[in-house]
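Survey of secondary and tertiary structure
Residue-level listing of the chains:
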Amino acid sequence: MDQTCSYPVKLYIYDLSKGMARQLSPLMLGRQLDGIWHTAVVVHGQEFFFMGDGISSCPPGGTVLGEPDSIADLGNTEVTEELFQQYLSSLGESTYSNGSYNLFEHNCNTFSNEVAQFLTGNKIPPHITDLPSEVLSTPFGQALRPLLDSIVINPAGNNVTGQR
């Protein structure tokens, strides 16, 4: 009888604004934002995330961001650690390579969403993936876009693809 293992998959959610988005967004954007979200996928005892230097990992909660503001259960996966590392290596050489980060269109949340779907078939919460379009739909967001396009989030970890 073939016995398969199942591994829990979690989404670590960090508010980069530390609550400031909730307070200032109504004044600046004309709408309420609950946070400026950074996400990472935790599986096989490691936290995996995407930043300007590519795909990185660290022990869960081990980035400079500290402990996550919340943790979402994405389900379980039967994807082994070895297969997952091969998948990440492939992503790191193509879609999520060093220098491909874009705050609005190709960021930690798009990475987490893609990885979550690969591992579990589930997407991350839409309030996270919809945030860039929500900000850009406002006049203030459009005015700030040139500045915000130059921002790269680097919460520090070990580069998975060795491209540091």
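Anything mentioned here points back to the structure above.
A few points on the structure.

The rules behind the values
- Residues numbered from 1 in each chain as written.
- Predicted model: local features only at pLDDT ≥ 70, side-chain atom pairs only at ≥ 80, totals over all residues.
- Heavy atoms only, no water.
- Patch = residues over 30% accessible without salt bridge, like charges linked within 9 Å, V, L, I, M, F, W, Y side chains within 5 Å.
- Areas by Shrake-Rupley, 256 points an atom, 1.4 Å probe, with all protein chains shown as cover.
- Salt bridge = Lys/Arg side-chain N within 4 Å of Asp/Glu carboxyl O.
- Helix = DSSP H or I, 4+ residues; strand = E, 2+ residues; numbered from the N terminus.
- Buried < 20%, exposed > 50% of the residue type's maximum accessible area, 1.4 Å probe, protein only.
- Arc of directions from axis to C-beta.
- Contact = heavy atoms within 4.5 Å.
- Pairing = 2+ DSSP bridges.
- Axes fitted to C-alpha atoms, helices over the stretch in contact; angles between N-to-C directions.
- Left-handed = near helix turned anticlockwise from the far one by under 90°.
- Nonpolar A, V, L, I, M, F, W, Y, C, P; charged D, E, K, R; others polar.

A short note on a nonpolar patch on the surface
A surface patch of nonpolar side chains, about 470 Å² in accessible area, is lined by M20, L24, L27, M28 and F140. Among the elements that make up the nonpolar patch, the one with the highest residue count is helix α1 (residues 20-29) (four residues). Structurally, the position occupied by M20 is in helix α1. On the accessibility criterion, M20 (40% relative accessible area) is partly exposed.

What about α1?
Buried within α1 we find A21, S25 and L29. For α1, the angular spread of the buried residues around the axis is 30 degrees, confining them to a single face. Set apart from the buried face of α1 by more than 90 degrees, the exposed residues are Q23 and L27. Where α1 is buried, its residues contact α5 (131-136) and α6 (139-148). Positive phi shows up at G30, right after α1, with a value of about 80 degrees.

Some remarks on the pattern of salt bridges
On inspection of all chains with the given rule, the structure shows three salt bridges. Among the salt bridges present, the one from K10 reaches D73, with a minimum N-O distance of 3.7 Å. With a gap of 63 residues between them, K10 in strand β1 (residues 7-15) and D73 in strand β5 (residues 70-77) connect regions that are remote in the sequence. Among the salt bridges present, the one from E105 reaches R145, with a minimum N-O distance of 2.7 Å. Here R145 lies in helix α6 and E105 lies in the loop between α2 (81-93) and α3 (108-120), a separation of 40 residues in the sequence. A relative accessible area of 54% places E105 in the exposed class.

Regarding the pairing of strand β4 (residues 54-58)
Taking burial as the measure, the five residues of β4 include five buried ones, the bulk of the element. Bridge count between strand β3 (residues 46-51) and β4: five bridges; the pairing is antiparallel. Within β4, the position partnered with E47 by the bridge is C58. Hairpin connection between β3 and β4: a loop of two residues separates the two successive antiparallel strands.

A short note on the packing of α2 against α3
It is at 12 Å that the axes of α2 and α3 come closest, and there the two elements cross at 145 degrees. The chirality of how α2 crosses α3 is right-handed. Here F84, Y87, L88 and L91 of α2 come into contact with α3, specifically with F111, E114, V115, F118 and L119. Among the residues making up the contact of α2 with α3, the classes are represented as eight nonpolar, no polar and one charged.

Description of unusual backbone geometry
A positive phi is found at K18, a non-glycine position, where the angle reads about 50 degrees. Relative to the assigned elements, K18 resides in the loop between β1 and α1. On the basis of relative accessibility, which here comes to 57%, the residue K18 falls in the exposed class. In this model, H44 sits at a positive phi of 55 degrees, which is unusual for a non-glycine residue.

Interpretation note: all reported values are geometric properties and have no functional meaning in isolation.
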